Amino acid sequence: MLFIKNLSFTFFLLLSWRLLSQEVGYFEGKLVDSSNNSPIVFATIQLKRQSIGIISNLDGSFRIPNYYQDMGSQLVISCIGYKTVEVSLADLSQNNVNTIYMNVEAIELDSVTLYAEKRKKQSPRKVIKEAIKSIPNNYSTNHFSLLGYYREYQLENGEYVNLSEASLEVFDLGFNEIDRLTTKVRIYDRKKNNDFAINTLSRMPYDYKTGKKTISKAFLNNYGGNEFVILRIHDPIRNYNLDSFDFVNELQSDFLVNHSFSTLGSLMLDNEPLYVIALKRNHPDYLVKGKLYISKYDFSIHKIQYALYDKVATKKRLGNKDSGYSVQLIFETITEYRKSGDTMFLNYSSFQNSFKLKVPAAFRTEQISLNPGKKYVKITFNAKPDAKSAMKRSSYSLRFKNNKLKINSIKIEDKSVLLYPEMDEASLKEVMNSLKNNVQNDNEISEAIEVEIGNVESVNGHILNQELTKTYYQFREFFVQRVNEHVTFTKEGPFMDAKEPIFGEQQVVPLGKEFGIWMNTPLKTLKTSE
């Protein structure tokens, strides 16, 4: 027995060494719904008979290190709502993105029935009540660790920006302990992925004082900028007995009170029947929609989707009736657990929120100068001005010593507008002397002539100096690749400082200790449909 343990440890070291001694290549795949060619998001791709797996991305993509092919591995791909498929790594191409189709597992419309001796019919509310009550029985109260891939990024016009990635191990003392106070995290690897676009403005912290970066009708504590802490707090199952987020609040005492529920039916996941229950809250200012997937066997919660929307009432009326309202996503959290034996462990968690960012005007002034020889004021913009608005004298005001100067004519040269003011030689000489006395660069006229520019537009329709507000979506995601149910919890670090950003001044454990974790970097182009 001792020999087997030593052999396993040696094999572990050899594989760890192999990871470090060669450049790792990857199989790239994409999961697609066979009925409509849409990507399958957050599906589990697991190596058969091994406790190693990853989760598909927003576009259904995933990456598997190619050294697993030498081990003759099969991929077992499963997702709630789809039929499980198996794929041989030997059949996958290493040069192209492999498309794998999955078939929908139809929801069976039925009444909610408890799997008990009398098979007594119950309401969805009673099923959820039983599921919450059963959390201490269905989820681990012992020490365990989760090894996985963490990432945070934003979506700008449907593209990834500011992608940062890390390999982490989460040491959890069990569901009887308070997660924020007792759970420790070790960072094995991290990077800000410079292969993806970077937007320094959208990366800045939330700023509610100036309103430059805000979440509409919501406030998100940045917990020192540690996005992983924010993600953990938005796991309502792990924090079922603590206050988490509106309108879930404390899951065990507030969730049932704050929402209404309806039965959608049932479906199968790995031969286990699941209730599919819709949840809703209709508030005057907010709308909540979501789903729960609960086992018919033991009431374990496999998945909870929860989205909060801001209601935006329309101003249009049809007769005496409002035409309705539109909704804007404030945040959405998706948490999924999977069984290992009889115990549920986190499979992945995803939290996204929208935010508003004030960005510099798309059309703005770059320079204002004076050509004394040709007697014109030159206004240079960052883009070509629209001739119709730029040629109007009413769009400009020129003043010298508080006296308004008459504009005789206007010309446009590419990105510049030339204003010819009515100015005699004495006034022009006085302007030039003022320039020399007030500014070092005698081509800048801001100290000599007061220039105001009004309603000028660019050829693209942007209004001069109009500050823009753009909507972005911030994502924080953790995908478990391996569960260690028998970890020995140690107080020895280094551990992540929960008060500091992951990608700030944090200690990182050498890479040799992170065997079994790899970064499931998404494809560069986010394509969410074929």
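Heads up: these notes are all about the structure in this document. (Residues numbered from 1 in each chain as written. Predicted model: local features only at pLDDT ≥ 70, side-chain atom pairs only at ≥ 80, totals over all residues. Heavy atoms only, no water.)

Some thoughts on the overall build of the protein
- Helix and strand counts for the protein stand at nine helices and 27 strands.
- Considering only residue pairs separated by 6 or more positions, the protein has 65% of its internal contacts joining residues 24 or more positions apart.
- Roughly 26,900 Å² of accessible area belongs to the protein as shown, and the carbon and sulfur atoms make up 47% of that amount. (Helix = DSSP H or I, 4+ residues; strand = E, 2+ residues; numbered from the N terminus. Contact = heavy atoms within 4.5 Å. Areas by Shrake-Rupley, 256 points an atom, 1.4 Å probe, with all protein chains shown as cover.)

So, the pairing of strand β1 (residues 26-33)
- Across the eight residues of β1, six count as buried, placing the element largely inside the fold.
- When β1 meets strand β7 (residues 97-102), the two strands line up parallel, connected through six bridges. Across the sheet, residue G29 finds its bridge partner in β7, namely N98. (Buried < 20%, exposed > 50% of the residue type's maximum accessible area, 1.4 Å probe, protein only. Pairing = 2+ DSSP bridges.)

Comments concerning unusual backbone geometry
- For the bond from D246 to F247, the omega torsion is 0°, close enough to zero to count as cis.
- Considering the arrangement of structural elements, one finds F247 in the loop between α6 (227-233) and α7 (251-258).
- A positive phi angle, close to 60°, is found at N465, a residue other than glycine.
- Inspection of the secondary structure assignment puts N465 in the loop between β26 (450-453) and β27 (468-484).

Overview of the sheet that holds strand β20 (residues 365-371)
- Taking strand neighbours across the sheet as the criterion, the four strands line up as β20-β21-β25-β24 in an open arrangement whose pairing is antiparallel. The open sheet has two edge strands with one neighbour each: β20 and β24 (407-413). Strand-to-strand twist in this sheet, taken as the mean axis angle between neighbours without regard to direction, amounts to 20°.
- Pairing geometry for strand β21 (residues 376-381) and strand β25 (residues 416-421), over four bridges, is antiparallel. (Axes fitted to C-alpha atoms, helices over the stretch in contact; angles between N-to-C directions.)

Side note on the packing of helix α2 (residues 124-133) against α7
- Packing of α2 against α7 brings their axes to within 10 Å, and their N-to-C directions diverge by 170°. Here α7 runs roughly antiparallel to α2, going by the angle between their axes. Residues R125, I128, K129 and I132 of α2 form the contact with α7, whose own contacting residues are L251, Q252, F255, L256 and V257.
- When grouped by side-chain class, the residues that make up the contact of α2 with α7 number six nonpolar, one polar and two charged. (Parallel < 35°, antiparallel > 145°, perpendicular 65-115°, else oblique. Nonpolar A, V, L, I, M, F, W, Y, C, P; charged D, E, K, R; others polar.)

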